Amino acid sequence: QKEVEQNSGPLSVPEGAIASLNCTYSDRVSQSFFWYRQYSGKSPELIMSIYSNGDKEDGRFTAQLNKASQYVSLLIRDSQPSDSATYLCAVNRNTGFQKLVFGTGTRLLVSP
Amino acid sequence: GAVVSQHPSWVICKSGTSVKIECRSLDFQATTMFWYRQFPKQSLMLMATSNEGSKATYEQGVEKDKFLINHASLTLSTLTVTSAHPEDSSFYICSARGLYGYEQYFGPGTRLTVT
């Protein structure tokens, strides 16, 4: 079992729809969770961080965390073609140097 | 805020030469910096973690004598690829974590091509 699992996609949604990206993790003691966006050929960009169970909203983005189910998701409302990218879920190991463990990413395609 | 720069953005070098990549946190102090490598259409691979003033911690399978990391200050870390070979051609990305919080902020990356 991978430590952080994501569906590789592609997830295709029409412009204006809600895109729902999911991630599960195996380490129960993980405390910090992050979503990064990576455009092709570019480095990852931090979109959201979430530490507590529940929802966290920032503009069109909502991160949801359920530690009991070891599940974190990212909702993108009013999806735009510019949102087309790979979305990486990352989990913080609360040991040592606080390394992030990344999922392999979900590719999102938003069609006009 | 939380801007990380890398220099150079791309570099081409001949096999057997060494290349140095700089990573700087521009508007915050980075206690910990991380170096990643990413091959086309593959996931990020963590190479090493460095704390200011300490020796870097390398991930399993990463040759520390080939990938020299120096974290000289709270705003600068360098990665030197020594005796580069074509198989070292990749996208090298650094990230930095500040004094507070657990977020990592990534630099724009350095594309290395070894001919």
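Preceding block: the structure.
Residues numbered from 1 in each chain as written. Chains lettered and ligands numbered in written order. Predicted model: local features only at pLDDT ≥ 70, side-chain atom pairs only at ≥ 80, totals over all residues. Heavy atoms only, no water.

K.L.:
So, unusual backbone geometry: which residues are in play, and what are the values?
P.N.:
Backbone torsion omega between A:G9 and A:P10 reads 10°, so that peptide bond is classified as cis. With respect to the helices and strands, A:P10 occurs in the loop between β1 (4-5) and β2 (11-14). Of the consecutive residues B:H7 and B:P8, the connecting peptide bond is found in the cis state with omega at 0°. Note on placement: B:P8 falls in the loop between β1 (4-7) and β2 (10-13). Of note, the phi angle at A:Q70 is positive, near 55°, even though the residue is not glycine. Looking at the secondary structure, you find A:Q70 in the loop between β7 (61-66) and β8 (71-76). (Helix = DSSP H or I, 4+ residues; strand = E, 2+ residues; numbered from the N terminus.)

K.L.:
Quick rundown of the sheet that holds strand β7 (residues 67-73) of chain B? Include the residues and the values.
P.N.:
Residues and elements named next belong to chain B. Spatially, the 4 strands line up as an open sheet ordered β1-β3-β8-β7, and their pairing is antiparallel. Looking at the sheet topology across the chains shown, the edges are occupied by β1 and β7. Averaged over all pairs of adjacent strands, the angle between their axes in this sheet comes to 15°, without regard to strand direction. Relative to strand β3 (residues 19-25), β1 runs antiparallel, the two sharing 4 bridges. Within the sheet, the bridge partner assigned to H7 lies in β3 and is E22. (Pairing = 2+ DSSP bridges. Axes fitted to C-alpha atoms, helices over the stretch in contact; angles between N-to-C directions.)

K.L.:
So what's going on with the packing of aromatic side chains? Residues and values would help.
P.N.:
For the coordinates displayed, the defined rule picks out 10 aromatic pairs over all chains. Ring centres of A:Y51 and B:Y102 lie 6.3 Å apart, and the angle between their planes is 50°; this geometry places the pair in the tilted category. Here A:Y51, found in the loop between β5 (45-50) and β6 (54-58), pairs with B:Y102, found in the loop between β9 (90-98) and β10 (105-106), and the two come from separate chains. Its relative accessible area of 29% is what places A:Y51 among the partly exposed residues. Members of the aromatic cluster, each reached through a chain of ring pairs, are A:Y36, A:F102, B:Y36 and B:F106. Positioned above the aromatic ring of B:F67, the side-chain terminus of B:K66 is 6.0 Å from the ring centre. (Phe/Tyr/Trp six-rings, centres within 6.5 Å; stacked < 30°, edge-to-face > 60°. Buried < 20%, exposed > 50% of the residue type's maximum accessible area, 1.4 Å probe, protein only. Lys NZ or Arg CZ within 6 Å of the ring centre and 35° of its normal.)

K.L.:
Before we move on, can you summarise the sheet that holds β6(A) with the specific residues and values?
P.N.:
Residue and element names in this part refer to chain A. Ordered by their spatial adjacency, 5 strands build an open sheet running β1-β3-β8-β7-β6, and the pairing between neighbours is antiparallel. On the outer flanks of this sheet lie β1 and β6, each paired with one strand and no other. Of the pairings in the sheet, the one linking β1 to strand β3 (residues 19-25) comprises 2 bridges and is antiparallel in character. Of the residues in β3, the one forming a bridge with V4 is Y25.

K.L.:
Run through the environment of B:F106, naming residues and quoting values.
P.N.:
Positionally, B:F106 belongs in strand β10. The class of B:F106 is buried, set by a relative accessible area of 10%.

K.L.:
Go over the pairing of strand β5 (residues 45-51) of chain B with me, naming the residues and quoting the values.
P.N.:
Along any regular strand the residues' side chains alternate between the sheet's two faces. Residues and elements named next belong to chain B. Most of β5 sits out of view: 6 of its 7 residues are buried. Looking at chain direction, strand β4 (residues 30-38) and β5 are connected through 6 bridges and run antiparallel. Across the sheet, the residue bridging to F34 is T49, located in β5. Where β4 folds back onto β5 in an antiparallel hairpin, the turn is made up of 6 residues, including K41, whose phi is positive at roughly 60°. What sits between the antiparallel neighbours β5 and strand β6 (residues 57-58) is a turn of 5 residues, in which G53 has the positive phi angle 80°.

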